[in-house]
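One-letter residues, chain by chain:
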Amino acid sequence: MFAERFKNRLMLQQQTGLYRQPPEVKIRDGKYLSIEERRVLNFASNDYLGLGVSEELRQRAARNFGKYGTSSSSSRLVSGNYSIINKAEKEYASYFGYGDAIFFPSGYQANLGILSTILERGDTVIFDKHIHASSVKGMTMSGANFLGYNHNSMPHLGKRLEMCGSQQVAVLTESLFSMDGDLLDVTGLGKLKERCRFLAIVDEAHAFGAIGSGGRGIAGPVADIAVGTFGKAFGFFGAFVLLPEGFKEYLFNFSSPLIYTTTLPEAHAATAIDILEIIERSEDRRKHLRDVSQFLKEGLRLEGFRVTGDAHILALEIGDEAKAVNMARKLLQRNIFVLPARYPTVPLHRSILRIGVTALHEEEDITSFIDHVKGASGELK
Ligand SMILES: Cc1ncc(COP(=O)(O)O)c(C=O)c1O
């Protein structure tokens, strides 16, 4: 019964170019991966500062796990509410300029945990149509009414806000969009906030650590709540949510994805504190990341490719799903690894190659990437 349904669905995925089969990665070595017996240059990583492969972080994490052990063994609400976790959360809140902070086992769980709890039936959520799947899931789980606005369009968001009556309203957006690579119009959102009352919830997963002063992202002046993940520029795993005071108490009492899960171990919190110190002094890495990202965008555009992205995430527009997959395959044969993003991650027939630039990339890597994109695209004509 189930097997038949799965077989049919998977066949349909293949026919429409949407079939997903991630390649197996044998080894990661800095900016290189070992895939299908090849050493390939990785342009599909979110380890934007390269901390996830740095010797310093490796040693600090190993020391912390040696000191504290490997498991918290329970939820925060049972015996897992360790002092070091509370200390780390306070340090994150203070560094990013918020009243409070709370850690979650992943960014996906963080978005489910906050949105499904803070919002409820009778509230209205207005969301950018390109927000991450985890925000969509959290928002729908909440039971609130929801309305989408066109991607990054403040005029359209303004119109949506006019439609709201006396309900409590939240606006959901990202600061650096995970697939389009463009930045939130922070000034525009700020102006709307002056006109209308709403709770601004901004997912800064791709911005924190990598952009803004001291890696503080860009939405601080407008966001009431901000979501960050450790799995991207922080080179680690798990997530943190920055909150106004009082919200943490509410989440501890009502957030099912927080209450009924084993908390990340103390060693994680101790390492998160170490990472914050590394992030603060990573200005050179951030500058290099900016420079190589800009160099890549300009280089691809000079070769006639349509590329969007304001920072280290670049979207090379392809369109057709099968063509995006073939292009990525051709690039893999040329020892370049890059992700073809397709529906439902991006809109139907608007497939892209989603390029993740990191501070590990050097100018020669960028030049080589552009040459291979040119070559692979020529082979597909
Ligand atoms: C915008 C955004 N939010 C949240 C997440 C989820 O974070 P995590 O990978 O820590 O679950 C992602 C991850 O891909 C993301 O792109």
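Calculation rules
Residues numbered from 1 in each chain as written. Predicted model: local features only at pLDDT ≥ 70, side-chain atom pairs only at ≥ 80, totals over all residues. Heavy atoms only, no water. Helix = DSSP H or I, 4+ residues; strand = E, 2+ residues; numbered from the N terminus. Buried < 20%, exposed > 50% of the residue type's maximum accessible area, 1.4 Å probe, protein only. Lys, Arg positive; Asp, Glu negative; His and termini not counted. Salt bridge = Lys/Arg side-chain N within 4 Å of Asp/Glu carboxyl O. Contact = heavy atoms within 4.5 Å. Near = heavy atom within 4 Å. Polar contact = N/O pair within 3.5 Å; in protein donor to acceptor, adjacent residues only side chain to side chain. Areas by Shrake-Rupley, 256 points an atom, 1.4 Å probe, with all protein chains shown as cover. Pairing = 2+ DSSP bridges.

## So, the side chain of K232
So, step 1. As for its placement among the helices and strands, K232 is situated in the loop between β9 (225-229) and β10 (239-243).
So, step 2. Buried charge K232 goes without a salt bridge, the closest partner of opposite sign being D203 at 7.9 Å.
So, step 3. In this view, K232 contacts N46, D47, Y48, A205 and H206; residues no more than four positions away in its chain are not counted.

## Overview of the site of the ligand
So, step 1. By nearness alone, 13 residues border the ligand, and G107, Y108, D203, H206 and K232 come closest of all.
So, step 2. A distance of 3.4 Å separates an oxygen atom of the ligand from a polar side-chain atom of H132.
So, step 3. D203 places a side-chain nitrogen or oxygen 2.6 Å from a nitrogen atom of the ligand.
So, step 4. Relative to its unbound accessible area of 390 Å², the ligand is 80% covered by the protein chains.
So, step 5. Sorting elements by how many residues they give to the shell around the ligand places helix α4 (residues 107-118) first, with three residues.

## Remarks on the pattern of salt bridges
Working definition: two side chains of opposite charge can pair if their charged atoms are close together.
So, step 1. If you walk through the whole model with that rule in mind, you get 21 salt bridges.
So, step 2. Where E89 meets R76, a salt bridge forms, and the shortest distance between an N and an O atom there is 2.8 Å. Within this pair, whereas E89 is found in helix α3 (residues 83-96), its partner R76 is found in the loop between α2 (55-68) and α3, the two being separated by 13 residues in sequence. Per residue, the accessibility class of E89 equals that of R76, and both read buried.

## Comments concerning the pairing of strand β15 (residues 351-356)
So, step 1. Extensive coverage of β15 is indicated by the burial of six of its six residues.
So, step 2. Judged by which residues are buried, β15 turns out to be covered on both faces: S351, L353 and I355 on one side and I352, R354 and G356 on the other are all buried.
So, step 3. Bridge analysis of strand β14 (residues 339-341) against β15 gives three bridges, and the strand direction is antiparallel. Within the sheet, the bridge partner assigned to P340 lies in β15 and is L353.

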